[in-house]
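# Coordinate inspection notes
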Amino acid sequence: MMMKSTQEEAVRFDQQDILSKYRNEFYLIPNQIYLDGNSLGLCSIRAEKTFLETFESWKRDQIDGWSSGEYPWFYLAEMLGAKMAPLVGAKKEEVIATGTTTVNLHQLIATFYHPEGKRTKIIANDLDFPSDIYAIKSQLQLHGLDPEEHFLSVKSRQGRYIDEEDIIACMQDDVTLMILPTVLYRSGQLLDIERLTREAHQRGILIGLDACHSVGAVPHHFHQWGVDFAVWCSYKYLNSGPGSVAAIYVHEKHFGTVPGLAGWFGSDKERQFDMSHVFEPSRQAGAYQLSAPSILNAAPLIGSLSMFEEIGMGSIREKSLSLTRYMMLLIEEELQGWGFVIGNPTEDHRRGGHISLEHEEATRICKALKEANVIPDFRAPNVIRLAPIALYTSYQDVWEAVQRLKSIMVEGKHKVYSHERGVIA
Ligand SMILES: Cc1ncc(COP(=O)(O)O)c(C=O)c1O
Ligand SMILES: Nc1ccccc1C(=O)C[C@H](N)C(=O)O
């Protein structure tokens, strides 16, 4: 008979974990197990420090903060872009910290979507994050095109995953652009971006990515794969704070492509203060900025990214996979017979950073978990998302979270809650 896992084993895994010291750098609440870092990453001491330093520099440096001090604000977007570039396998000029995910997606669709003749369609998918779908459809409408006709949504076979074969089958000669997530927000499926990029390019289709659910958890090689463009946020795995600055990647082969939406911070930096009415865009990813950067929104990212710089994505991915693998093992051992289904891919190369646990009573189980000081999130209709984060979740946390979930089921503690989801689920 196979031996079941033990708590002592979890203790040993933590002792062997080379990243365990980073946990002390985060604001964790005693006795709480935070598993929602794929929605909002936790605050770290480093993020707080660079935020406060930047705040101080506003007091002290006033207008000169744009050009002096440790992080001159005028160059901060480029500096943070360069620091994020290794996370996605890009050249430093290909990444800029700017805007928000949805605004950036609008910008890049406005820039790279050029319907011509028969080639008018944009591919997305049925399991996509809603904001992306709204953005794509509204961009079609701005071109006077009916989304009913020009928006192609790849179907899911079982409601969890999108099969790459099905995406490829949609790549017909009436398609010009494809917008895909790297990792699906609900099931945590990691798409084979290298293959999809190759297939798209063979058919003359551009590929743009929403990498919100992978950057900081999964390494990428956007430049090498030839990915045309991508967007992501910094408030999930990059732990930069609610609504913090997002990012744009544009492959260098597209440098010089005129931004669909123009604003003065997209200017060539040497020329910006010429104040000419003729827009002279930068010839790097910076071209796709619009406004003066939200410096205070970007400041925590300086500190937060220093951890990623120190560690590298290889070790982060390794620990993340090990944590999710461990969680799946414990779920199988401890929760058999309670109606749970693991709804994320179990193979490492197909899985992002979170576990997607399905249950028909997911809403109230999530409420009971919160009451038990385990923080998950619920995604309709039946998913409990559990994200153990490489930088601050321990193996003992994973052990304890599964134990608390088991005791909820055994004692029926979830039954006192309603099936209604909260406004913010
Ligand atoms: C995959 C994905 N895309 C887009 C968004 C929306 O991002 P924002 O609100 O920053 O535009 C989110 C999360 O909110 C997301 O998970
Ligand atoms: N930005 C937010 C603000 C409020 C509540 C949640 C979010 C999220 O980011 C949700 C996340 N994108 C998700 O994958 O569901």
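Up top you'll find the structure we're talking about.
Procedures and definitions
- Residues numbered from 1 in each chain as written.
- Chains lettered and ligands numbered in written order.
- Predicted model: local features only at pLDDT ≥ 70, side-chain atom pairs only at ≥ 80, totals over all residues.
- Heavy atoms only, no water.
- Axes fitted to C-alpha atoms, helices over the stretch in contact; angles between N-to-C directions.
- Helix = DSSP H or I, 4+ residues; strand = E, 2+ residues; numbered from the N terminus.
- Left-handed = near helix turned anticlockwise from the far one by under 90°.
- Contact = heavy atoms within 4.5 Å.
- Nonpolar A, V, L, I, M, F, W, Y, C, P; charged D, E, K, R; others polar.
- Expected span 1.5 Å × (residues − 1).
- Buried < 20%, exposed > 50% of the residue type's maximum accessible area, 1.4 Å probe, protein only.
- Core = buried A, V, L, I, M, F, W, Y, C linked by side-chain atoms within 4.5 Å.
- Pairing = 2+ DSSP bridges.
- Near = heavy atom within 4 Å.
- Polar contact = N/O pair within 3.5 Å; in protein donor to acceptor, adjacent residues only side chain to side chain.
- Areas by Shrake-Rupley, 256 points an atom, 1.4 Å probe, with all protein chains shown as cover.

## So, the packing of helix α4 (residues 101-112) against helix α5 (residues 130-142)
Where α4 meets α5, the axes come as close as 10 Å, and the angle between the chain directions of the two elements is 35°. For the pair α4 and α5, the crossing hand works out as right-handed. Facing α4, whose interface residues are Thr102, Leu105, His106, Ile109 and Ala110, α5 presents Ser131, Asp132, Ala135, Ile136, Ser138 and Gln139. Taken together, the residues of the contact of α4 with α5 break down into five nonpolar, five polar and one charged.

## Concerning unusual backbone geometry
Pro381 follows Ala380 through a cis peptide bond whose omega is 5°. Summarising the element assignment, Pro381 is placed in the loop between β12 (377-379) and β13 (383-386). At Asn239, a residue that is not glycine, the phi angle is positive and equals roughly 55°. We note that Asn373 has phi near 70°; this positive angle belongs to a residue other than glycine. Its place among the elements puts Asn373 in the loop between α12 (362-371) and β11 (374-375).

## Comments concerning helix α13 (residues 395-411)
Taking 1.5 Å per residue as the helical rise, α13 with its 17 residues ought to reach 24 Å, and the 24 Å between its terminal C-alpha atoms agrees with that figure. Buried within α13 we find Tyr395, Asp397, Val398, Trp399, Ala401, Val402, Arg404, Leu405, Ile408 and Met409. Buried residues in α13 make contact with α1 (7-16), β1 (33-34), α11 (313-334), β10 (355-358), α12 and β11. Remark: Gly412 follows α13 within two positions and exhibits a positive phi of approximately 65°.

## Overview of the nonpolar core
Side chains that are nonpolar tend, in soluble globular proteins, to be buried together. The biggest cluster of nonpolar side chains holds 67 residues, and the ones touching the most others in it are Met84, Met178, Phe222 and Trp232. Element by element, the count of residues in this core is highest for helix α10 (residues 295-311), at eight residues. The residues touching Met84, leaving out its near neighbours within four places in the chain, are Val95, Ala97, Trp232, Leu238, Ala247, Leu301 and Leu305. Tyr326, Leu330, Phe340 and Leu369 belong to the second-largest nonpolar core, a separate cluster that totals 31 residues.

## Some remarks on the sheet that holds strand β7 (residues 229-232)
Strand order across the open sheet formed by seven strands is β2-β8-β7-β6-β5-β3-β4, with mixed pairing between neighbours. Among the strands making up the open sheet, the edge pair consists of β2 (95-97) and β4 (151-154). Each strand axis lies, on average, 20° off the axis of its neighbour in the sheet, ignoring direction. Pairing analysis gives three bridges linking strand β3 (residues 121-125) to strand β5 (residues 175-181), with the strands arranged parallel.

## Some points on the site of ligand 1
Thr101, Thr102, Phe129, Asp132, Asp210, Cys212, His213, Tyr235 and Lys236 make up every residue found near ligand 1. In this structure, Thr102 approaches ligand 1 through a side-chain N or O atom, which is 2.5 Å from an oxygen atom. One of the side-chain N or O atoms of Tyr235 is found 2.8 Å from an oxygen atom in ligand 1. Here ligand 1 loses 81% of its free accessible area of 390 Å² to cover by the protein chains. For the shell around ligand 1, the residue count by class is three nonpolar, three polar and three charged.

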